[in-house]
Amino acid sequence: MRSTTTLALLGAVVSVVAEPVYNNAEINVTVPRTPIQNDYPPNGPQLPASPPGNKSYEYIVVGSGAGGAPLAARLALAGHSVLLVDAGGDHGRLREVEVPSLYIGASERNELNWGYITRHYANETQAKRDRKLTYLTPDGDYYSGVDPPEGSQMLGNYYPRVGGLGGCTEHFALLPILPANDDWDLIKNLTGDQNWDAQNMRGYFKKLEKNEYLSSRDDVTKAHGFAGWMATSMEPMALYVPDLKMVSILLSAASVMGNQTGDLLNTIRKYVSGAADKVLPSNYVQGIADQLSKFFEYDINNDSPNRDSTEALSRIPLAIGSPDGKRSSPRDWIYDIATATNADGSKKYPLDVALHTLLTKVNFDTSAGAKPKATGIDYLYGESVYRADPRANSTGDTGTPGSISATREVIVAGGTFNTPQILKLSGIGPADELAKFNIPLVKDLPGVGGNLQDRYEVGVSVAASSNFTLFENCTFITTDDDPCYAAWAAPSTDVLAHGAYATNGIAIGLFARSSAAGPDHDLWIGGVPGLFQGYFPGMSRTVVTPASKNYFTWLVLKARSRNNAGAVNLTSADPRDTPAITFHSFGEGDASRQADADLDLKAAVEGMKWGIKVFDGIEPIVEGDGFERVWPPKEVSTDEQLEQWVRDEAWGHHASCTCPMGADDDPMAVLDGQLRVRGVEGLRVVDASAFPKIPGTFPAVAIYMLAEKAAEDILAAAN
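Since the structure is predicted, the reported quantities are computational estimates derived from the model, not experimental observations.

Parameters at a glance
- Residues numbered from 1 in each chain as written.
- Predicted model: local features only at pLDDT ≥ 70, side-chain atom pairs only at ≥ 80, totals over all residues.
- Heavy atoms only, no water.
- Pairing = 2+ DSSP bridges.
- Helix = DSSP H or I, 4+ residues; strand = E, 2+ residues; numbered from the N terminus.
- Axes fitted to C-alpha atoms, helices over the stretch in contact; angles between N-to-C directions.
- Contact = heavy atoms within 4.5 Å.
- Phe/Tyr/Trp six-rings, centres within 6.5 Å; stacked < 30°, edge-to-face > 60°.
- Buried < 20%, exposed > 50% of the residue type's maximum accessible area, 1.4 Å probe, protein only.
- Parallel < 35°, antiparallel > 145°, perpendicular 65-115°, else oblique.
- Left-handed = near helix turned anticlockwise from the far one by under 90°.
- Right-handed = clockwise from strand over helix to strand, strands pointing away.
- Patch = residues over 30% accessible without salt bridge, like charges linked within 9 Å, V, L, I, M, F, W, Y side chains within 5 Å.
- Areas by Shrake-Rupley, 256 points an atom, 1.4 Å probe, with all protein chains shown as cover.
- Salt bridge = Lys/Arg side-chain N within 4 Å of Asp/Glu carboxyl O.
- Lys, Arg positive; Asp, Glu negative; His and termini not counted.
- Charge placed at Lys NZ, Arg CZ, Asp CG, Glu CD.
- Core = buried A, V, L, I, M, F, W, Y, C linked by side-chain atoms within 4.5 Å.
- Expected span 1.5 Å × (residues − 1).

A. View of the sheet that holds strand β11 (residues 312–315). Taken in spatial order, the six strands of this open sheet run β11-β19-β20-β21-β18-β24, and their pairing is antiparallel. Each having just a single partner strand, β11 and β24 (627–631) make up the two edges of the open sheet. Across the sheet, the axes of successive neighbouring strands diverge by a mean angle of 20°, strand direction being ignored. Examined bridge by bridge, strand β18 (residues 456–464) and strand β21 (residues 551–558) share eight bridges and lie antiparallel to one another. Paired with Tyr456 across the strands is Lys558, a residue of β21. Together, β11, β18, β19 (508–512), β21 and β24 form the strand contacts of helix α7 (residues 244–256), whose direction differs from that of β21 by roughly 35°.

Structure follows, in structure tokens:
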């Protein structure tokens with residue numbers, strides 16, 4: 001491997017203080033702030049970085065993630081001139097991005113990673129109870145764990161985002177799950193915009209999906225699309241069946257859900273016992289896979305009336321193309337549109353992409369007596385200008401300034417952390433906060449930056465007595481001769497031929513309602529072959545590695561969390577600086593939120609207990625296979641202990657809602673039903689910050705759908 005050091009896990013090089021062992025999964029990791037990493041060339045062409053040209057555009061879209069990229073694509077395809085701006089570069093063909101199994105490595109690539117440091121709690125005593133808390137050591141490294149080197153400075157909770165073309169769709173776990181109908185109807189009722197109706201919004205999903213795991217005949221509820229830009233596939237169960245330890249866990253999960261699994265378990269044992277090497281003979285794999293799949297047949301994206309409340313243990317659709325096994329993201333759609341040419345070689349669509357271009361503020365025409373009108377943006381051009389980038393200078397006036405104008409609209413799609421920062425730097429936000437930094441006020445909108453919401457996630461993990469075999473020969477591109485990468489990269493129309501790297505590893509998930517739930521699912525519990533303990537610098541070193549492949553995690557995601565006490569606040573008027581981000585988890589510091597916090601804690605504990613029950617019920621297929629719970633340690637067992645564990649350890653990575661839509665008479669509403677910023681003209685927000693409540697279980701598809709509606713609204717206004 002091309003690297004100046006020998007240890008590189010999932011693309012990031014780290015030093016580890018203590019190697020995880022069978023019965024010890026404590027986090028104790030030290031990594032450089034800017035890890036040394038492999039330098040494999042990209043697998044194909046990428047857009048070059050360049051500043052905006054010397055011309056104006058009808059629309060400027062700031063941010064190329066799940067909101068901005070699809071929106072820019074739709075506007076350009078409709079014939080409007082569009083400038084898509086992103087502070088990062090295009091790295092969509094890197095191995096860690098394209099290969100589904102390496103998504104955690106993508107979160108640690110220096111070129112991609114905007115490594116925000118956030119706080120779950122403002123109270124330092126409570127914050128320090130988190131076993132993955134990150135510190136800055138005297139040597140300038142990041143340490144995560146409970147025993148920092150003497151003299152270390154407490155930082156907070158690591159929250160990786162992507163600065164680059166495609167945004168967080170370049171590192172997310174590829175789970176294209178629809179939100180609930182109630183999520184859309186809430187917005188419809190708040191704003192009065194009837195186009196947010198759930199059935200209308202379903203039409204946008206059909207427009208963007210390219211379903212590759214069903215035929216239109218098999219789509220019995222007419223829920224899916226088959227000609228869109230987002231490929232969805234279902235990994236074959238035959239990929240997992242040879243891993244008998246994983247099969248034993250899946251059978252236990254099916255049994256806990258009330259399925260009769262004994263006959264299949266005995267059949268597998270019979271086949272294995274007759275094999276000298278105690279593995280499932282290959283001629284039985286597909287038949288066993290077909291029988292196992294019957295326990296998980298539910299299509300979670302169906303359009304039945306009770307879809308959002310039906311408890312289901314199902315296989316998970318993935319945003320992966322089939323049969324090539326590559327990540328499917330809007331980055332590829334943008335690349336195709338931006339590089340498309342006519343027969344004579346001229347540019348086909350009026351879309352320009354300006355990379356390494358950090359917006360510093362939106363400009364307004366504030367002529368006397370008129371409502372302020374967005375007219376363009378100021379920017380800084382240069383690589384690693386924004387200080388969430390680990391390579392950025394911590395001080396100094398980096399970047400070359402410039403300006404560009406928009407004749408119709410500016411659309412901000414910077415994401416939940418950056419969009420409120422951008423609005424505030426532009427003079428839109430709480431007047432008292434802007435005054436602290438001498439930012440001229442354009443419009444006093446006190447809701448900008450508040451209402452920050454996230455999921456609560458926590459893992460329940462076991463260590464097996466020997467490695468799982470799904471990733472048996474994989475080196476996770478730490479060597480040039482990684483056989484799993486070679487299999488993934490080799491052209492083939494056989495999905496199975498691409499092997500383990502063509503999956504994100506999440507075979508099945510439970511969609512459930514806790515005893516604290518409303519009418520819709522509030523729990524998702526997914527099975528992950530690895531030790532998943534949350535986000536911290538160097539996390540790839542502990543999930544699954546060449547030397548450690550014996551962990552399995554039930555990842556509990558508490559959806560519909562009730563807490564909206566978080567906030568994103570400026571730390572300076574310098575657009576290079578990152579904001580202060582505090583979630584105030586479980587309603588920290590507000591006694592009026594305690595009842596809601598108790599309900600969220602109760603639900604998360606119920607999810608953990610389901611995972612523990614599955615592990616306790618495992619019947620090994622091969623004699624001698626053992627499983628021991630290591631995270632949380634098995635000594636953490638009572639409801640009270642599990643509740644405290646959740647309070648200490650829960651994390652999230654779906655931050656949302658900091659520039660929410662709302663009713664006309666709501667003083668905290670930042671946007672109207674068409675995503676227009678209130679009190680000004682020519683300015684919209686199209687990203688996760690726009691939701692009033694965090695939607696569903698996974699946000700990517702919800703944001704894609706929001707972008708499709710925004711495109712329709714903008715095109716209707718233009719016409």
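On we go.
B. Inspection of unusual backbone geometry at higher detail. Going from Ser322 to Pro323, the amide bond is cis rather than trans, its omega being 10°. Relative to the elements of secondary structure, Pro323 occurs in the loop between β11 and α10 (330–339). Residues Trp631 and Pro632 are joined by a peptide bond in cis, for which omega reads -10°. Considering the arrangement of structural elements, one finds Pro632 in the loop between β24 and α16 (639–649).

C. Region of interest: the packing of aromatic side chains. Tallied over the full model, the rule gives 25 aromatic pairs. Where Tyr159 meets Phe583, the ring centres are 5.7 Å apart and the plane angle is 15°; that geometry is what we call stacked. Taken as a pair, Tyr159 in strand β8 (residues 153–162) and Phe583 in the loop between β23 (580–582) and α15 (594–616) lie far apart in primary sequence, 424 residues in all. Taken individually, Tyr159 and Phe583 each receive the classification buried, so the pair is uniform in this respect. Ring centres of Trp524 and Phe698 lie 4.9 Å apart, and the angle between their planes is 85°; on these two criteria the pair is classed as edge-to-face. Taken as a pair, Trp524 in strand β20 (residues 523–528) and Phe698 in the loop between β25 (683–685) and α17 (700–718) lie far apart in primary sequence, 174 residues in all. Grouped by ring-pair contacts, the aromatic residues Trp114, Tyr116, Tyr159, Tyr386, Phe417 and Phe583 constitute a single cluster.

D. Broad picture of the pairing of strand β7 (residues 142–145). Side-chain alternation along β7 places Tyr142 and Ser144 on one buried face and Tyr143 and Gly145 on a second face that is also buried. Sheet analysis places strand β2 (residues 28–31) next to β7, joined by four bridges and oriented antiparallel. Its bridge partner lying in β7, Thr30 is registered against Tyr143. Here strand β6 (residues 134–136) runs beside β7; their pairing, made up of three bridges, is antiparallel.

E. How the structure looks around the packing of α7 against helix α8 (residues 262–273). The N-to-C vectors of α7 and α8 enclose an angle of 165°; their axes lie 11 Å apart at closest approach. Considering the angle they form, α7 stands roughly antiparallel to α8. Here α7 and α8 pass one another in a crossing that is left-handed. Between α7, through Leu244, Val247 and Leu251, and α8, the contact on the second element is made entirely by Leu264, Leu265, Ile268 and Val272.

F. Looking closely at the pairing of strand β3 (residues 57–62). The buried fraction of β3 is high, at six of six residues. Looking at chain direction, β3 and strand β15 (residues 400–412) are connected through five bridges and run parallel. Each bridged residue has a counterpart across the sheet, and for Ile60 the counterpart in β15 is Val410. Relative to strand β4 (residues 82–85), β3 runs parallel, the two sharing four bridges. Bridged to Val61 within β4 is Leu84. With respect to chirality, the unit in which β3 leads through helix α1 (residues 68–77) into the neighbouring parallel β4 is right-handed.

G. How the structure looks around a negative patch on the surface. Taken together, the side chains of Asp596, Asp598, Glu640 and Glu643 define an acidic patch exposed on the protein surface. Sorting the residues of the negative patch by element identifies α15 and α16 as the ones contributing at least two each. For Asp598, the location among the structural elements is in helix α15.

H. Up close: the nonpolar core. If you look at the biggest cluster of nonpolar residues, it comprises 195 residues, and the most contacted ones within it are Leu71, Ile268, Leu351, Trp554 and Leu683. The biggest single contributor to this core is α17, with 13 residues. Counting residues in each nonpolar core, the second largest holds 15 residues, with Tyr159, Leu380, Val385 and Ile581 among its members.

I. Focus on the pattern of salt bridges. Enumeration according to the criterion identifies 39 salt bridges in this entry. Among the salt bridges present, the one from Asp574 reaches Arg576, with a minimum N-O distance of 2.9 Å. Connected through salt bridges with shared partners, the residues Asp130, Arg131, Lys132 and Glu649 form a single ionic network.

J. How the structure looks around α7. Here α7 is 13 residues long and its end C-alpha atoms lie 18 Å apart, about the 18 Å a rise of 1.5 Å per residue gives. Summarising burial for α7: 11 of the 13 residues are buried, a large majority. Of all the residues in α7, the buried ones are Leu244, Lys245, Met246, Val247, Ser248, Ile249, Leu250, Leu251, Ser252, Ala253 and Ala254.

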